[in-house]
Amino acid sequence: MKTEKEKMLAGELYDPADPELAGIRAKAHKLSQDYNATYDTDEEKRQRIIDELLPHHADGCYLQGPIYFDYGTFTKTGKNFYANFNLTVLDSCPVTIGDNVYFGPNCTLATPVHPLVADERRMFPDAESKMHDREYARPITIGNDCWIASNVVICGGVTIGDRVVIGAGSVVTRDIPSDTLAAGNPCRPLHPITEKDRIIHHAQEQ
């Protein structure tokens, strides 16, 4: 029989009140708060916290803070990952982030999916009168060399390709192909990113 953690990571219905999951969340929430209580200059302390909170991070991981991770251990980041202020990651399903990915302020990655039908969202008691609810989650995958601008929300089940730019304020509900500028609510591809988009061309504009 699968554990609730195994069901959660597989995208199946699971019980968030499961003691194992509650324990992992409590640890991640504490570590997030510990990180948020540090200063930028507390480099060694910050690194120790990140190593424990995000055991699957590669070299060059820098989080400006404050940060909010639900589990942490189910998030994997590639090399040279940067996130500006107020990164929130609800990693009930795996969150995989490639190399050289940068986030602007106030970004959220949310894998949980709650029922659409109202009565299925209500808490219900078990045989011992302990309250439970039902939810499931979908993974998020972000490729290499992406820029996620400020105030972006990425929903569960989304895959973002390589070398993608997501414009500020976007809500990403569907996959975005590689080498694309995408923006909007809901987020949609605007145009391919080409040599014409190099910064030198735009810097010369009057």
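Residues numbered from 1 in each chain as written. Predicted model: local features only at pLDDT ≥ 70, side-chain atom pairs only at ≥ 80, totals over all residues. Heavy atoms only, no water.

1. Notes on the overall build of the chain
Threshold: Secondary structure counts use DSSP, requiring at least four H or I residues in a row for a helix and at least two E residues in a row for a strand, with both numbered from the N terminus. For this measure, only C-alpha atoms enter the radius of gyration; the expected value for a globule follows 2.2 Å times N^0.38, where N is the number of residues. When a residue's accessible area, from a 1.4 Å probe over protein chains only, is under 20% of the maximum for its type it is buried; when over 50% it is exposed; and in between it is partly exposed.
Counting its regular elements, the chain contains five helices and 21 strands. Here the C-alpha atoms of the chain give a radius of gyration of 19 Å, agreeing with the 17 Å that 2.2 N^0.38 yields for 206 residues. Its C-alpha atoms give the chain principal-axis dimensions of about 70 × 45 × 25 Å. Within the chain, the proportion of its 206 residues that are buried is 38%.

2. Details of the nonpolar core
As a reminder of what qualifies: Nine residue types can take part in a nonpolar core, namely buried Ala, Val, Leu, Ile, Met, Phe, Trp, Tyr and Cys, and a core is a set of them joined through side-chain atoms within 4.5 Å.
Ranked by size, the top nonpolar core spans 35 residues in total, and within it L63, F103, I154 and I160 carry the most contacts. Of all the elements in the fold, those that place two or more residues in this core are α2 (19-36), α3 (43-53), β3 (67-69), β6 (87-90), β7 (95-97) and β14 (140-142). The next biggest cluster of nonpolar side chains, apart from the first, holds five residues, and it includes M8, Y14, Y71 and F74.

3. A few points about the pattern of salt bridges
Rules: We define a salt bridge as a side-chain nitrogen of Lys or Arg found within 4 Å of a carboxyl oxygen belonging to Asp or Glu.
On inspection of all chains with the given rule, the structure shows eight salt bridges. The residue R46 makes a salt bridge to D40 at a minimum N-O spacing of 3.5 Å. Assessed through its relative accessible area of 40%, D40 is described here as partly exposed. Linking D179 and R163 is a salt bridge whose minimum nitrogen-to-oxygen distance equals 2.6 Å. Highlighted residues: D179 in the loop between β19 (171-172) and β20 (180-183) and R163 in the loop between β17 (159-160) and β18 (165-166), separated in sequence by 16 residues.

4. Side note on the sheet that holds strand β9 (residues 108-110)
We apply this condition: A pair of strands is labelled paired if DSSP reports no fewer than 2 bridges between them.
One open sheet holds the five strands; their spatial order is β3-β6-β9-β16-β19, and the pairing between them is parallel. If you trace the sheet from one side to the other, it starts and ends with β3 and β19, each paired once. In terms of strand pairing, β6 meets β9 through three bridges, oriented parallel. Paired with L90 across the two strands is A110, which belongs to β9.

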